[in-house]
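# Structural overview
Here is how the chains run, residue by residue.
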Amino acid sequence: MAAGRIGLGRIPVVLLLIVAPLASCGDLTATTFETGEISFSVSAASVEVPMSLQDDGRIAELPCPADGVCPSSEFLTLTCERSLCNPAPRTVTSDVAGVIDFDELTGDLSFLFRSVDTIEIIELSYTVQANTLSVDLDGVEIFWGPEGAVDLDPALGVQLLGAMPFQSARTTSSGFAELDYIGTQALSDYLVSASRRIRIFVRTRIDLEPGGPLPEGDARVVAHMKVRVSGPAID
């Protein structure tokens, strides 16, 4: 099934620094900072529902055929569940425009470090600023990948960074994404040993239910990463 689209906000290539010394011990020092806004929107416009499945502003409750095979379309796959034809969840994916360049960050911090030993993502916060979606979101996953990655293919080195929780229709919220341990450790290693330039990708699901509302509206989200850099201090 073809994926839908996530509308893109703007992410600055040069990230905003909010610098605060975290710790210093002998020859070592560490500093935390926060990235600029990583913004994106999720639009229901990409989830097309055929007219045969629409019923007065809602998803039609179509009984399953005798053979149990519901008539899927190019837009939606239908499966027979509890005697009704139920649309399969629609996956919505995209990359967030722009490259995050951590060299900009460590360059600005060169007055603190002789070299950079670690770059760690320690927090991923988010705010759903507005939400007119008529349907729930089954969480939003945020991925990182090398600069050359063009989609969410793991073969391109793309890995999960963190996940936002379930978001009810027409509600806003803010909080902290659950960081993926393997993905964040891999990103830390990548930033130190391979490249300081990465891309961010986003994936979510919109699950339509028989009798539920037709998909409409959008949700606007802003995320920030808090990062810790450590290494030998300048004498």
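Residues numbered from 1 in each chain as written. Predicted model: local features only at pLDDT ≥ 70, side-chain atom pairs only at ≥ 80, totals over all residues. Heavy atoms only, no water.

What follows concerns the state of the cysteines. Two cysteines, two sulfur atoms, one covalent bond between them: this is a disulfide. This model, assessed by the stated rule, comprises 2 disulfides. Paired by a disulfide, C64 and C80 hold their sulfur atoms 2.1 Å apart. Residues C64 and C80 share a disulfide whose torsion about the S-S bond is about 110°; that sign makes it right-handed. Placement of the pair is C64 in the loop between β6 (58–59) and β7 (78–81) and C80 in strand β7, with a sequence separation of 16 residues. Bridging C70 to C85, the disulfide has an S-S length of 2.2 Å. Handedness here is read from the sign of the S-S torsion; for C70 and C85, about -90°, the answer is left-handed. (Disulfide = S-S within 2.5 Å. Helix = DSSP H or I, 4+ residues; strand = E, 2+ residues; numbered from the N terminus.)

Evaluated as defined, the whole model comprises 1 aromatic pair. With a centroid separation of 5.2 Å and an interplanar angle of 50°, the aromatic rings of W144 and Y190 are classed as tilted. On the criterion of sequence distance, the pair formed by W144 in strand β11 (residues 137–146) and Y190 in helix α2 (residues 181–193) is long-range, its members being 46 residues apart. What makes Y190 buried here is its relative accessible area of 18%. (Phe/Tyr/Trp six-rings, centres within 6.5 Å; stacked < 30°, edge-to-face > 60°. Buried < 20%, exposed > 50% of the residue type's maximum accessible area, 1.4 Å probe, protein only.)

With 13 residues, α2 extends 18 Å from end C-alpha to end C-alpha; this agrees with the ideal 18 Å at 1.5 Å per step. Within α2 the residues assigned to the buried category are G183, T184, A186, L187, S188, Y190 and L191. (Expected span 1.5 Å × (residues − 1).)

Our focus in this paragraph is the environment of L214. As for its position among the elements, L214 is in the loop between β15 (197–206) and β16 (218–232). Residue class for L214 comes out buried when judged on its relative accessible area of 17%. Taking C-alpha positions, L214 is 9.4 Å from V47, a pair spaced 167 residues apart along the chain. Residues in contact with L214, not counting those within four places in the same chain, are V49, Q54, G57, R58, I59 and S134. (Contact = heavy atoms within 4.5 Å.)

This part is about the confidence of the model for the protein chain. Here the protein chain averages 84 in pLDDT, while 86% of its residues score no lower than 70. Taking the mean pLDDT of every element in the protein chain, the minimum, 45, falls on strand β1 (residues 4–8) and the maximum, 98, on strand β14 (residues 178–179). Long-range and interchain partners of residues 1–5, a stretch whose pLDDT sits below 50, account for 17 contacts in this model, where long-range means more than four residues apart. In this model residues 7–20 is a low-confidence stretch, pLDDT under 50, and it forms 44 contacts with partners more than four residues away in sequence or in other chains. (pLDDT = per-residue confidence, 0-100.)

Applying the stated criterion across every chain, the model contains 7 salt bridges. Linking D138 and R205 is a salt bridge whose minimum nitrogen-to-oxygen distance equals 3.1 Å. With D138 in strand β11 and R205 in strand β15, this pair connects stretches of sequence that are 67 residues apart. Classification of D138 as partly exposed rests on a relative accessible area of 32%. With relative accessibility at 38%, the residue R205 sits in the partly exposed group. Three or more residues are tied together by salt bridges with common partners; here these are D101, E147 and R197. (Salt bridge = Lys/Arg side-chain N within 4 Å of Asp/Glu carboxyl O.)

In this structure, F102, L161, I198, I200 and M225 are the most contacted members of the largest nonpolar core, which totals 50 residues. Contributing elements (two or more residues each) for this core: β4 (38–43), β9 (90–101), β10 (118–131), β11, β12 (159–164), α2, β15 and β16. Sort the elements by how many residues they give to this core and β16 lands first, with 6 residues. Apart from the residues lying within four places of it in its own chain, the contact partners of L161 are I121, L124, I142, F143, W144, E178, L179, D180, T184, L187, I200 and M225. F143, A149, V158 and F201 belong to the second-largest nonpolar core, a separate cluster that totals 5 residues. (Core = buried A, V, L, I, M, F, W, Y, C linked by side-chain atoms within 4.5 Å.)

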